[in-house]
Every structure is written in C-alpha cells, then in structure tokens.
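# Chain and residue survey
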Amino acid sequence: VGHQRMVVGLHRKALRPIRDGGRRRQEQVEQLRMLSPSKPLRCWLKVDTGMNRLGFMPDSVRVVSERLAGIHCIGTLRLMTHFACADDLSSDYTRKQLHLFNELASRLPGECSLANSAGVLGWPDSHADWVRPGVMLYGSSPLLGRRAGELDLRAVKKRATMELERNIMHAGLNRFAGNVSQVAR
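Not measured: the values here are computed from a predicted model.

### Observations regarding the overall build of the chain
- The number of helices and strands found in the chain is 5 helices and 6 strands.
- Counting from the amino terminus, helix and strand elements in the chain follow one another as α-α-β-α-β-α-β-α-β-β-β.

### A word on the side chain of Asp48
- Mapped onto the fold, Asp48 is located in the loop between β1 (41–46) and α3 (61–69).
- Within the local environment of Asp48, its side chain forms a polar contact with the backbone nitrogen of Gly50, the two atoms lying 3.0 Å apart.

### Thoughts on the sheet that holds strand β4 (residues 130–131)
- If you trace the 4 strands from one edge of the open sheet to the other, you get β1-β2-β3-β4, paired in parallel fashion. A single partner strand is all that each edge strand has here, and the edge strands are β1 and β4.
- Direction of pairing for β1 relative to strand β2 (residues 74–80): parallel, over a ladder of 6 bridges. In the sheet register, Leu45 faces β2, and the bridge partner there is Leu79.
- Taken strand by strand, helix α4 (residues 92–105) contacts β2 and β3 (112–115), and its axis lies near 175° from that of β3.

### Observations regarding the pattern of salt bridges
- What the rule picks out here adds up to 8 salt bridges.
- Linking Glu111 and Arg78 is a salt bridge whose minimum nitrogen-to-oxygen distance equals 3.0 Å. In this pair, Glu111 sits in the loop between α4 and β3 while Arg78 sits in strand β2, placing the two residues 33 residues apart along the sequence.
- Among the ionic pairs, Arg146 bridges to Glu150, the shortest N-O distance being 3.2 Å.
- It is possible to trace a salt-bridge network through shared partners that takes in Glu30, Arg33 and Arg67.

### Thoughts on the nonpolar core
- Core analysis: the biggest nonpolar cluster contains 32 residues, and Leu32, Leu45, Val61, Leu68, Ile71, Leu79 and Phe101 have the highest contact counts within it.
- Contributions of two or more residues to this core are made by α2 (23–32), β1, α3, β2, α4 and β3.
- With 4 residues, α4 is the largest single contributor of residues to this core.
- Once residues within four sequence positions are removed from consideration, Val61 is found in contact with Leu45, Val47, Phe56, Leu79 and Leu108.

### Section: the pairing of β2
- Among the 7 residues that make up β2, 5 are buried, leaving the element largely enclosed by the rest of the structure.
- Across 2 bridges, β2 lies against β3 in parallel orientation. From the neighbouring strand, Met80 faces β3, where its bridge partner is Ser113.

### Examining the packing of aromatic side chains
- Tallied over the full model, the rule gives 1 aromatic pair.
- Relative to Trp130, the ring of Trp44 has its centre 5.6 Å away and its plane inclined at 85°; by these criteria the two rings are edge-to-face. Taken as a pair, Trp44 in strand β1 and Trp130 in strand β4 lie far apart in primary sequence, 86 residues in all.

### Considerations on unusual backbone geometry
- The backbone of Asn52 sits at a positive phi, close to 55°, despite the residue not being glycine.
- Checked against the element boundaries, Asn52 lands in the loop between β1 and α3.
- Residue classification places Asn52 among the buried positions, given a relative accessible area of 13%.
- You will see that Asp152, though not glycine, has its phi angle at about 60°, which is positive.

Procedures and definitions
Counting from 1, residues in each chain are numbered in the order their sequence is written. Only residues with pLDDT of at least 70 are given local features in this predicted model, and only at 80 or more are side-chain atom pairs given and counted; all residues enter the totals for whole chains, interfaces and linings. The side-chain numbers reported here are obtained from all heavy atoms of the structure, hydrogens and water having been left aside. Here a strand is any run of E in DSSP of at least two residues, a helix any run of H or I of at least four, and the numbering for each starts at the N terminus. Any N or O atom pair separated by 3.5 Å or less is treated as a polar contact, with the protein-specific requirement of one donor-capable and one acceptor-capable atom, and with residues adjacent in sequence counted only for side-chain atom pairs. At least two bridges found by DSSP between two strands are what make those strands a pair. Whether two residues are in contact is decided by their heavy atoms: any pair within 4.5 Å suffices. Axis definition: a line fit to C-alpha positions, over the contact stretch in the case of helices; interaxial angles, taken between N-to-C directions, run 0 to 180 degrees. We define a salt bridge as a contact between a side-chain nitrogen of Lys or Arg and a carboxyl oxygen of Asp or Glu at a distance within 4 Å. Residues belong to one nonpolar core when they are buried, are Ala, Val, Leu, Ile, Met, Phe, Trp, Tyr or Cys, and are joined through side-chain atoms within 4.5 Å. Per-residue accessibility, obtained with a 1.4 Å probe over protein chains only, is compared with the maximum for each type, and a residue is labelled buried under 20%, exposed over 50%, and partly exposed between these values. Pairing of aromatic side chains requires ring centres within 6.5 Å, counting the rings of Phe and Tyr and the six-membered ring of Trp. Pairs whose planes differ by under 30 degrees are stacked, by over 60 edge-to-face, and all others tilted.

By themselves these figures say nothing about function.
Shown next, in the form of structure tokens:
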C-alpha cells in the first residue's frame, strides 16, 4: 500500500518513471527532497537484479540508498526486486537473482521484498520481510505447467493496469517475465 501511494503521488506530480540510463531515476530521488508530506514516506528502493524493467542497477543501489536515507521526508526505506523467471522452477536465473539481491541487502539496512506470486508459491527462500502476490490474486497460476485449480487459486481482484515506464534497452538483453524475448536492436 505504501508503494502504491508513492507511485500515485509521483504520478500526480507528473514524475513519471522513464528508464534512460538512470538519469531520470536519479532526478526523481532529488525531487523527493522538495516534498513536504504530512507524514514521512515509506519508500521502496527497487533493485534491477535481471528483470530489466524497473529499478536501479545493483552497482548504484548503495549510493542511492544513502541518498534516500538523507532525505528528510523519507521515513522507512525498504529494498525490493522483481523476478524474471520465477515461474520456471527449474531455472537457475531466479537463484542468481536471489543471490545478487541477498548480497546487496546484507550490506544495507531495511526490510526486503523479493517474492512475487511465483516466488510465494515456488521459491520459499525468497520469502523475506514482505511478499507481493500479484497474478495469483486474479486466480491465475504463476507457475509453468501448473493450473490455478491445482494450486487452489481463485480470483479475488479484477485486472486493471497503467503504464509505469518505458525502457531504453541494449541489444541482447532479455525482457519480460520468463525471459521470453530478447531485444534485437
């Protein structure tokens, strides 16, 4: 809920996340300094551990975390990531993302969130301080080869979406959940 409030708050102030090599994300960190909320903000620092969608690159997370910690309106700072292939329980990619995130998180303060729906159901090592069930709330199975009925999943929400960000990606990078596509140019 805190993350959603933050995204909506930024959206209302026309601070739309645009992936452009990190410059825009850095600007957003600086723009937080100008806010004067009635209560301290709960801030989620997203680490791009391989989804190539949202977040700061791992080599910049420590510096960004320190900058955020020094901003007066930030009350709670938490770390999160998003899995690219957690739906495939045989994939080593999720293990690599877990290792990278845990290595970073071990050197930084704050609670952590790694598990999406597939993480909740298939990757118990990803159950950190917070979990983020997503597609499973809509009654869909997040795991390859497993049907929703097998997992006793039923819809509790209706689907709705909005564009959060557009990425500029280099050729050869995987994109989308499950690494189903690779950037050609």
